[in-house]
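Residue-level listing of the chains:
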Amino acid sequence: MAEPSTQKLSFGEKAGYSCADSAANFVFMTMILFQTNFYTDVFGLSATAAAAILLGPRLWDAIADPIVGILADRTNSRWGKFRPWILFTAIPWCVVMILAYTTPKGWSMGSLIAYAAITNTLLMTIYSMNNMPYAALGGVITGDLVERAKLNSFRFIAVNAAQFIVGGFTLPLVAKFSAGHDHQYGWRMTMTVWAVLCLVLFLITFATTRERIQPLKKEQSSPLRDIADLLKNNPWKVMWCWTLVHFAILSFRGGALYNYYHHYVDKAAMYDWLQKFGLVAVPGASSSGGIMETLGYIVHGDPSNLANSNVADVFNSIINMLGTGLTIIVILLSTTLAKTFGKKAVSATGFLFATVGTLAFYFLSPTNVWGMIGVTAFVSIVYAPTIPLTWAIFADVADYSEWKVGRRFTGMVFATIGFALKSGLALGSASFLFIMQWFFKYDTKLPDTASAVEGYRVCSGVVVGLLFAVCTVLLACYQLNKRTTIQMADELAERRRLATAS
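Residues numbered from 1 in each chain as written. Predicted model: local features only at pLDDT ≥ 70, side-chain atom pairs only at ≥ 80, totals over all residues. Heavy atoms only, no water.

J.: Where do I start with empty space enclosed by the protein in this structure?
T.: Left-over empty space is what a probe sized like a water molecule reveals as it rolls over the atoms. What the rule picks out here adds up to three cavities of 30 Å³ or more. Taken as a whole, the largest cavity spans an internal volume of roughly 770 Å³. As for the largest cavity, its lining consists of 39 residues, of which Met29, Gln163, Leu250, Arg253 and Tyr383 are closest to the centre. When contributions to the lining of the largest cavity are tallied by element, the ones reaching two or more residues are helix H1 (11-42), helix H5 (109-137), helix H6 (145-178), helix H9 (234-264), helix H12 (311-331), helix H15 (369-383) and helix H16 (386-405). Of the residues forming the lining of the largest cavity, the biggest block, eight residues, is contributed by H9. Split into classes, the residues belonging to the lining of the largest cavity amount to 20 nonpolar, 16 polar and three charged. By volume, the second largest cavity is sized at about 90 Å³. (1 Å grid on protein atoms, 1.4 Å probe; cavity = no way out; pocket = protein on both sides within 12 Å on 5 of 7 lines; lining within 4 Å. Points joined across faces, edges and corners; volume = space filled by probe spheres on them. Helix = DSSP H or I, 4+ residues; strand = E, 2+ residues; numbered from the N terminus. Nonpolar A, V, L, I, M, F, W, Y, C, P; charged D, E, K, R; others polar.)

Structure below.
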């Protein structure tokens, strides 16, 4: 058998590993793109209550990640350290995912707030118990740098396939299921479909993956020692800060862009654009049937009164699919780019261009739908290579601890990165609502006021652009360039070879 550090992975294992992250993104992307507006528009909460529910459970989730990391590093089973967590959280994930997007009928506002807080907390906790060990699993499947990059490319193609489905089909399916019922029913049924798919994908990952890299030493260590050694890891410090800001961007941008397309962009301009592609129905005509009608992609409504139509849902979904589709294609180039220029250089450059592209959103007029499509395409193309490469960087950070202190604690590295990730998500969603309320007089019952609409523009373009710039600076400060990473990998491979030989 090949040594773990040079272990080549089969297509089946790479694809199987990617399934669980694909599943996770049915929760993650729904949370990023729609959860803020689900709580305000469907659940009926105020901006303050929604912000508290988004902030509290996600901060708890951030605290839960290091706890799970400690437990996962100390898990020993015939399936390994990390794979059992994926298996035993699969069914609870499915159940709680449905409950979190179910709106109880006839409850008081206080009871609804409590229900939303409890179900969101449970969902975030199970997310940690599943996804943190999953992320750590990628660091122990192989130690080969090229194979890791390929593994992460597979992973993020699958991730973006899930994001393509979530971003492209959630809103149309909600509208479709809501016909004859209400939006609350539409959300529950859509999330039930996604939850069942998640369960299947988790089982595939468990069945197809193996853990190969084991710590060289069997010595016992305490969580405090793990933390003390981790604090000696300067690349980890930079990536922790980068993760906090990066994932704040994602949740902040999701809430901002949803409102940008639903309340700033001219509905008549979107209708005219969709009409060019045959995605509108003649007013008063019966359902035409067909796959696009089944998926909710046909706009029904009088073009002179589009306020209550699904035109923004369809256009927003197409924008999401365009961005994700381009991302999937460009991700295929990430391994080649990393081998040529290094992960750090490619990632920093991608975030720099994303900064410029995002700022352009503020300057687009509400009727310039082609401009929105062009900017979305540009940002997706330059941002795409950074997605798998930055996750491969986290595995390098884990290697760095082993290289410097002689001990590997992959679970703790990924758990603390998970802490920053969840904290960023919490701060991003809550900050969007707080900024809108404090600076732009946002009222969830009156989302179309002039001040609120200006807020959507500022948040989507200026604020998100500045946050991308912060990430660019942090990546420029990251210490592990291409040369150092190769040196580190070679020395660790030699250590493992000697340990195995002895």
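J.: What's the story with the packing of aromatic side chains in this structure? I'm lost.
T.: The relation between two aromatic rings is expressed through the spacing of the ring centres and the mutual angle of the planes. In the structure shown here, the tally under the stated rule is 35 aromatic pairs. For the pair Phe38 and Trp187, a centre-to-centre distance of 5.3 Å together with 65° between the ring planes defines the contact as edge-to-face. Of this pair, Phe38 sits in helix H1 while Trp187 sits in helix H7 (residues 183-208), and the two are 149 residues apart along the sequence. Comparing Phe38 with Trp187 shows no difference in burial state: the two are buried. Note on Phe169 and Tyr297: the rings are 5.9 Å apart at their centroids and 70° apart in plane angle, and the pair reads as edge-to-face. (Phe/Tyr/Trp six-rings, centres within 6.5 Å; stacked < 30°, edge-to-face > 60°. Buried < 20%, exposed > 50% of the residue type's maximum accessible area, 1.4 Å probe, protein only.)

J.: Hey, could you run me through a nonpolar patch on the surface in this one?
T.: A surface patch of nonpolar side chains, about 360 Å² in accessible area, is lined by Trp60, Ile63, Ile67 and Leu71. The residue Ile63 is located in helix H2 (residues 47-73) in this model. (Patch = residues over 30% accessible without salt bridge, like charges linked within 9 Å, V, L, I, M, F, W, Y side chains within 5 Å. Areas by Shrake-Rupley, 256 points an atom, 1.4 Å probe, with all protein chains shown as cover. Salt bridge = Lys/Arg side-chain N within 4 Å of Asp/Glu carboxyl O.)

J.: Sorry if this is basic, but what is going on with the nonpolar core here?
T.: Here is a general trend for soluble globular proteins: nonpolar side chains tend to be buried in one another's company. By size, the foremost hydrophobic cluster in this structure holds 153 residues, and its most contacted members are Phe28, Met97 and Leu274. With residues near it in sequence (within four places) discarded, Leu274 still touches Leu279, Val280, Val299, Val311, Val314, Phe315 and Ile318. (Core = buried A, V, L, I, M, F, W, Y, C linked by side-chain atoms within 4.5 Å. Contact = heavy atoms within 4.5 Å.)

J.: Would you take a moment to explain the packing of H9 against H15 for this structure?
T.: Packed helices, taken two at a time, are described by the angle between their axes plus the distance between the axes. Axis separation between H9 and H15 bottoms out at 15 Å; the angle between their running directions is 165°. As the angle between them shows, H9 and H15 are arranged roughly antiparallel. Note on packing geometry: the crossing formed by H9 with H15 is left-handed. For the pair formed by H9 and H15, the contact residues are His246, Leu250, Arg253, Tyr260 and Tyr261 on the first element and Met372, Thr376, Val379 and Tyr383 on the second. Tallied by class, residues from the contact of H9 with H15 come to six nonpolar, two polar and one charged. (Axes fitted to C-alpha atoms, helices over the stretch in contact; angles between N-to-C directions. Parallel < 35°, antiparallel > 145°, perpendicular 65-115°, else oblique. Left-handed = near helix turned anticlockwise from the far one by under 90°.)

Worth remembering: the numbers are spatial, not functional.
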